[in-house]
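Coordinate analysis (summary)
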Amino acid sequence: MDTRMHDPRQSQRPSFRALAEQALTRAAGAPLSCGNRVDLLIDAKANFDAWLEAIASARYKILFGNYIFKNDEVGRGFISALAERARAGVRVCVLHDWMGCFGLRSKFWQPLRDAGGEVRTFNPFDPLSPFGWINRDHRKLLTVDGRIGFVSGVCVSAAWLGDPARGRDPWRDTGVALQGPAIADLERAFADTWATLGEALPSSALADAAKIEPAGDVALRVIATQPSSTGTYRLDQMIAALAHQRLWLTDAYFIGVAPYLSALTNAAHDGVDVRLLVPGASDIPAVAALSRTGYRALLEAGIRIYEWKGSMLHAKTAVADGRWARVGSTNLNIASWMGNCEIDIAIENEGVARQLAAQYERDLENATEIVLSPRRRARPAT
């Protein structure tokens, strides 16, 4: 007869999958949302066209936050579209970053304000807080009527479209269109930042996830980070630790911090196919130069590095093991991880992950792989 006492807690222990789910939720600071539809939008034209179509269909509210609005044909086109909806009685709220829109005059926004739209500026310069400029709102987020939302790395600027007349290719960037209960998380992320700059949006004006019908079978997390919240950083670390077969990263301004670099090299040492796609020519050359200083250690660990051959690679994506993917505004550097308001979609769906992996392979066709050259040996003394 077995005389050992039976512990009732044994039968209540969660499965490993449940523990992994709990760990991801805690790391990201974002719960899993099920029943969503996600469509990839590749490059600015696809994103702009989808944004403008959604704006034109708005009946109740438009929440639009973006790091950069430029006073060019693209920027003015969006202001015109937003103003038209505001005149029709749609509540239009636009949030932009002071530094991202540095030099943009107030008259740019006047047609929208005259139509009844609301515009707020995140973290304008304050001489009493000279270092306050460090924290930026780097998000690229749009929601319409609690029905459809968009997250990407794309800013409201014609630069993303390139200039064929001058031989400039479009920038390479990635976004997603989202439908389903997670729209409520997107709206809440916008509303939380909006409330720090003035009167809050009434809770009755925001979507309720419980009342949004499922639109698909995609499970995802909306990771809306604030300065020092580090949700995406913690999740990126965990995914690097959990990746079993591959981890493919695309980043515009890669400057890895030591703990993350360690996570990547450890994964590579463990046989994971770790790849990093970065710009060959950057709009911020100093960042590209700094990024290159870390190449050798990564290459020696077995990580494969590719440089984009087009005008600018601005996407921020990750795909792991064909099951998990991330798309959004967060770059793999300390400013994005810990200093800014960012927003990303972490997707747990094999179909979306396969699409993003296929896009990654297409991108590598327009990239140059960086390989190690032998170290120079010192000449013997004579």
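As shown above, the structure is provided for reference.
Next up on the list: the packing of helix α6 (residues 231-242) against helix α7 (residues 258-269). Interhelical geometry of α6 versus α7 gives an angle of 20° and a closest axis separation of 9 Å. Taken together, the axis directions place α6 and α7 in an arrangement best described as roughly parallel. Viewed along their axes, α6 and α7 form a crossing whose handedness is left-handed. Along the contact surface, α6 presents Tyr233, Asp236, Gln237 and Ala240, while α7 presents Pro259, Tyr260, Ala263, Leu264 and Ala267. For the contact of α6 with α7, the per-class residue count stands at seven nonpolar, one polar and one charged.

Time to look at helix α5 (residues 183-195). Side chains of residues three or four places apart in an α-helix project in the same direction, reflecting 3.6 residues per turn. Relative to the 18 Å expected for 13 residues at 1.5 Å per residue, α5 spans 18 Å between its end C-alpha atoms, a close match to the ideal helical length. Counting buried residues along α5, ten of its 13 residues qualify, which places the element largely inside the surrounding structure. Where α5 is concerned, the buried positions are Ile183, Ala184, Asp185, Leu186, Glu187, Ala189, Phe190, Ala191, Thr193 and Trp194.

The next thing to look at is the packing of helix α2 (residues 43-56) against helix α3 (residues 73-87). At their nearest, the axes of α2 and α3 sit 9 Å apart, and the two run at 15° to each other. Judged by the angle between their axes, α2 and α3 are roughly parallel. Of the two elements, α2 crosses α3, and the hand of that crossing is left-handed. Two secondary-structure elements touch here, α2 through Phe48, Trp51, Leu52, Ile55 and Ala56 and α3 through Val74, Phe78, Ala81, Leu82 and Arg85. In terms of residue class, the contact of α2 with α3 is built from nine nonpolar, no polar and one charged.

Here is what the cut-offs are and how they apply
- Residues numbered from 1 in each chain as written.
- Predicted model: local features only at pLDDT ≥ 70, side-chain atom pairs only at ≥ 80, totals over all residues.
- Heavy atoms only, no water.
- Axes fitted to C-alpha atoms, helices over the stretch in contact; angles between N-to-C directions.
- Helix = DSSP H or I, 4+ residues; strand = E, 2+ residues; numbered from the N terminus.
- Parallel < 35°, antiparallel > 145°, perpendicular 65-115°, else oblique.
- Left-handed = near helix turned anticlockwise from the far one by under 90°.
- Contact = heavy atoms within 4.5 Å.
- Nonpolar A, V, L, I, M, F, W, Y, C, P; charged D, E, K, R; others polar.
- Expected span 1.5 Å × (residues − 1).
- Buried < 20%, exposed > 50% of the residue type's maximum accessible area, 1.4 Å probe, protein only.

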